[in-house]
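Structural characterization, general
The residues making up each chain are set out below.
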Amino acid sequence: MPTADLVLLGAQARTLDPDRPHATAVAVADGVIRAVGDEGDVRDWRGPATEVVDLGGAHLVPGLVDGHSHPVWGLEMATGTDLSAVTDLAGLRAALATAERVDGWVIGFGLDHNAFQGRPIHRDLVEDVLGGAPAFLRLYDGHSALAGGAALAAAGVAGPRAFSQRAEVVCDPDGRPTGHLVEHAAMDLVADVLPRLPYAARRARLLELLSAMAATGLTGAHVMDGGDLELVGSVAEEGVLPVRLRFAPWCMPGADRDALDELVALQGRGGRHWRVGGVKFFMDGTVEGGTAWLEHADCHGQGTDAFWPDPEAYTAAVRHLHAAGVRTATHAIGDAAVRHVLDTVASLGPDGYGAHRVEHIESAPDDLLPRFAVLGVAASMQPPHTAYTRADGTDEWSRRLGAERAGRAWRLRDLREAGATVALGSDWPIAHYDARAVLATARAPRGAASAHPGLTGLQALEGCTTHAARAAGESARAGRIAPGFRADLTAFAVDPVEAPADEVAEAPVRLTVTGGHVVHRGD
């Protein structure tokens, strides 16, 4: 009989395995769980080289997974001055006046749309405090930015541009850019000339970030972009990635058959603790940016267009990838966007069941909810996003949608009760990566979503474990503490199911194990 690399004793394990819901001991070998039960069940797995950890009554659960994150691409997005604490225009101006320069640039991230206090986003609001420095400020949603005049000049942006996707260089009536850049193609015009982190710094930041994620209990993340696979592969060859990464590279409007086949060819590429598995689409943008695809226009008369100018081209691309066995994830925030994705999956027939997912789903009418279960489409949702809204409806998201649609905010519980798979995540760096905050806000949503019940403690835990595994097509090997499953494990000082949500948000993490490797030890 082989010996275990790691044996955990003294646990209060909630396995999420219906055949054995509770246990006190686990044995791990070669990155796989080999035995689950009590101390007697793992005794024969112990050998001279086995590491034995007594958890002292800590609550052991399957390793938590962030169902939507950007830990590699986000390194660039989260560069410069953190503006997430700015709440109004005066605070923004003060922050920019004293912001550290990065190679002469003022770079910021995490800026809340509400900080503009209802004013149109315009460089004139901040230009005089920049001292002539080029500035690029990412809004928190990751789909829009404010660029100063010097930054626009450095990028050669002097007027409107045409794009193959729904993107815009916002201009005044005279055709002069206001500095407001909407969606990725427009933002990239300036982002491409920003100072870039040196390779060594990016490498160090990646390891630092993944270690910090593991310290909150995360053992995995569904990465909703292509990241930098060369960087990740290099880091993984030289050490253990603290968080298992599953990448879904982007497919953008205009992708032809060759581009789709290149995405197919990428599937399965990977190494220890990382893999390409899926493709990410965008069906719309964001409510605050006016680019969510809605069935009826928002209060500014915006939001009636899809991100793909020809939505049927999106459908054709999904069909092509599905025929090649590729799972897809589609960003869809508005009701029209969600409906089109569900219609697309329905057109695949029974073979499409369980193979595709929708990201975000911030406002959905009643008739769409049961279709998730009927079609086997996973709902991937990010409870911490609710904090960008306000219960009184005075935030930009709620004002744009109006009371009726804002009243359908983040319907986590409704989707679960409709029988849907609901995977939970943070969308870092849009919201903090802390897995405990994801669990807590899933149970107690904030802002516009606070009027409705959140998930139960068990449902929230399932959203980061069994449902996350199901959304990735990995239910046979992940999301439970059971023999033959991945040895991804998280131990908390409190029971994440029974403890109050506010206690879960602050719960000490005693141990995080990824692929059988102890990647975090708490006090």
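Preceding this section is the structure that the text describes.
Because the structure is a prediction, the values reported are computed rather than measured. (Residues numbered from 1 in each chain as written. Predicted model: local features only at pLDDT ≥ 70, side-chain atom pairs only at ≥ 80, totals over all residues. Heavy atoms only, no water.)

A few words on the overall build of the protein chain. Helices and strands together make up the secondary structure of the protein chain, namely 18 helices and 26 strands. Taken over C-alpha atoms, the radius of gyration comes to 23 Å for the protein chain, in line with the 24 Å a tight globule of 523 residues would show. The principal-axis extent of the C-alpha atoms belonging to the protein chain is close to 80 × 50 × 50 Å. Going through the 523 residues of the protein chain one by one, you find that 60% of them count as buried. Element-wise, carbon and sulfur atoms account for 49% of the exposed surface of the protein chain, whose accessible area totals about 19,400 Å². Across the protein chain, the mean location of the 46 positive side-chain charges is 2 Å away from that of the 68 negative side-chain charges. (Helix = DSSP H or I, 4+ residues; strand = E, 2+ residues; numbered from the N terminus. Rg over C-alpha atoms; globule rule 2.2 N^0.38 Å. Buried < 20%, exposed > 50% of the residue type's maximum accessible area, 1.4 Å probe, protein only. Areas by Shrake-Rupley, 256 points an atom, 1.4 Å probe, with all protein chains shown as cover. Lys, Arg positive; Asp, Glu negative; His and termini not counted. Charge placed at Lys NZ, Arg CZ, Asp CG, Glu CD.)

Attention shifts here to the side chain of Asp225. Mapped onto the fold, Asp225 is located in the loop between β15 (218–223) and α7 (229–238). For the buried residue Asp225, which engages in no salt bridge, the nearest side chain bearing the opposite charge is Lys280, 7.1 Å off. A polar side-chain atom of Asp225 sits 2.6 Å from the main-chain amide nitrogen of Gly227. Setting aside chain neighbours within four positions, we find Asp225 in contact with Ser69, His70, Trp73, Phe247, Ala248, Pro249 and Trp250. (Salt bridge = Lys/Arg side-chain N within 4 Å of Asp/Glu carboxyl O. Polar contact = N/O pair within 3.5 Å; in protein donor to acceptor, adjacent residues only side chain to side chain. Contact = heavy atoms within 4.5 Å.)

This part covers the sheet that holds strand β5 (residues 32–37). Here four strands make up an open sheet; going across it, the order is β5-β4-β1-β6 and the pairing mixed. Strand pairing shows two members of the sheet lacking a second neighbour, β5 and β6 (51–54), which therefore form its edges. Strand-to-strand twist of the sheet, defined as the mean angle between neighbouring strand axes without regard to direction, takes the value 15 degrees. (Pairing = 2+ DSSP bridges. Axes fitted to C-alpha atoms, helices over the stretch in contact; angles between N-to-C directions.)

For the rest of this paragraph, the subject is the environment of Thr328. Inspection of the secondary structure assignment puts Thr328 in strand β20 (residues 328–332). You can call Thr328 buried: its relative accessible area is 5%. Along the chain, Thr328 and Gly277 lie 51 residues apart, while their C-alpha atoms are 8.9 Å from each other. Beyond its immediate stretch of four places on either side in the chain, Thr328 contacts Val279, Phe281, Val318, Leu321, Ala355, His356 and Arg357. One polar contact links Thr328 to His356, side chain to side chain, over a distance of 2.7 Å.

In this section: the pattern of salt bridges. Here the structure, examined in full by the defined rule, presents 32 salt bridges. Taking the shortest distance from any N to any O, the salt bridge between Glu474 and Arg246 comes out at 2.8 Å. Taken as a pair, Glu474 in the loop between α17 (466–471) and β24 (489–492) and Arg246 in strand β16 (residues 244–247) lie far apart in primary sequence, 228 residues in all. Each of the two residues, Glu474 as well as Arg246, counts as buried. Each member of the salt-bridge network shares a partner with another, and the members are Glu76, Arg196, Arg202 and Asp228.

To describe a pair of aromatic rings, one takes the distance between the centres and the angle between the planes. A full pass over the atoms with the stated rule returns 10 aromatic pairs. When the ring of Trp308 is compared with that of Tyr314, the centres are 6.1 Å apart and the planes differ by 70 degrees; the resulting orientation is edge-to-face. With a relative accessible area of 3%, Trp308 lands in the buried category. Here the aromatic cluster, defined as three or more aromatic residues joined through ring pairs, consists of Trp73, Trp250, Phe282 and Phe307. (Phe/Tyr/Trp six-rings, centres within 6.5 Å; stacked < 30°, edge-to-face > 60°.)

The next point concerns unusual backbone geometry. Here the amide bond leading from Trp428 into Pro429 is cis, since omega sits at 10 degrees, within 30 degrees of zero. Checked against the element boundaries, Pro429 lands in the loop between β23 (422–424) and α15 (435–443). Notably, His273 is not glycine yet its phi reads approximately 70 degrees, a positive angle. The backbone of Asp427 shows a phi angle near 65 degrees, a positive value even though the residue is not glycine. Looking at where Asp427 falls in the secondary structure, it is placed in the loop between β23 and α15.

Let us now look at the pairing of strand β8 (residues 64–69). With six of six residues buried, β8 lies mostly within the body of the structure. In this structure, β8 lies alongside β15, joined through four bridges in parallel fashion. Among the inter-strand pairings, Val65 is bridged to a residue of β15, identified as Gly220.

Compared with the 22 Å implied by 1.5 Å per residue over 16 residues, the 23 Å span of helix α6 (residues 199–214) between its first and last C-alpha is a close match. Residues of α6 that are buried: Arg202, Arg203, Leu206, Leu209, Leu210, Met213 and Ala214. End-on view of α6: buried residues confined to an arc of 135 degrees, all on one side of the axis. Within α6, the exposed residues directed more than 90 degrees away from the buried face are Ala200 and Glu208. (Expected span 1.5 Å × (residues − 1). Arc of directions from axis to C-beta.)

This brings us to the pairing of strand β13 (residues 168–171). By the bridge criterion, three bridges tie β13 to strand β14 (residues 177–182) in an arrangement that is antiparallel. The residue of β14 that forms the bridge with Cys171 is Pro177. Where β13 folds back on β14, the antiparallel hairpin that results is connected by five residues, among which Gly175 adopts a positive phi of roughly 85 degrees.

Considered for burial, the residues of helix α3 (residues 89–97) that qualify are Leu89, Leu92 and Leu96. Viewed end-on, α3 has its buried residues packed into an arc of 55 degrees, placing them on one side of the element. Looking at the buried side of α3, the elements it contacts are β10 (106–111) and β11 (135–139).

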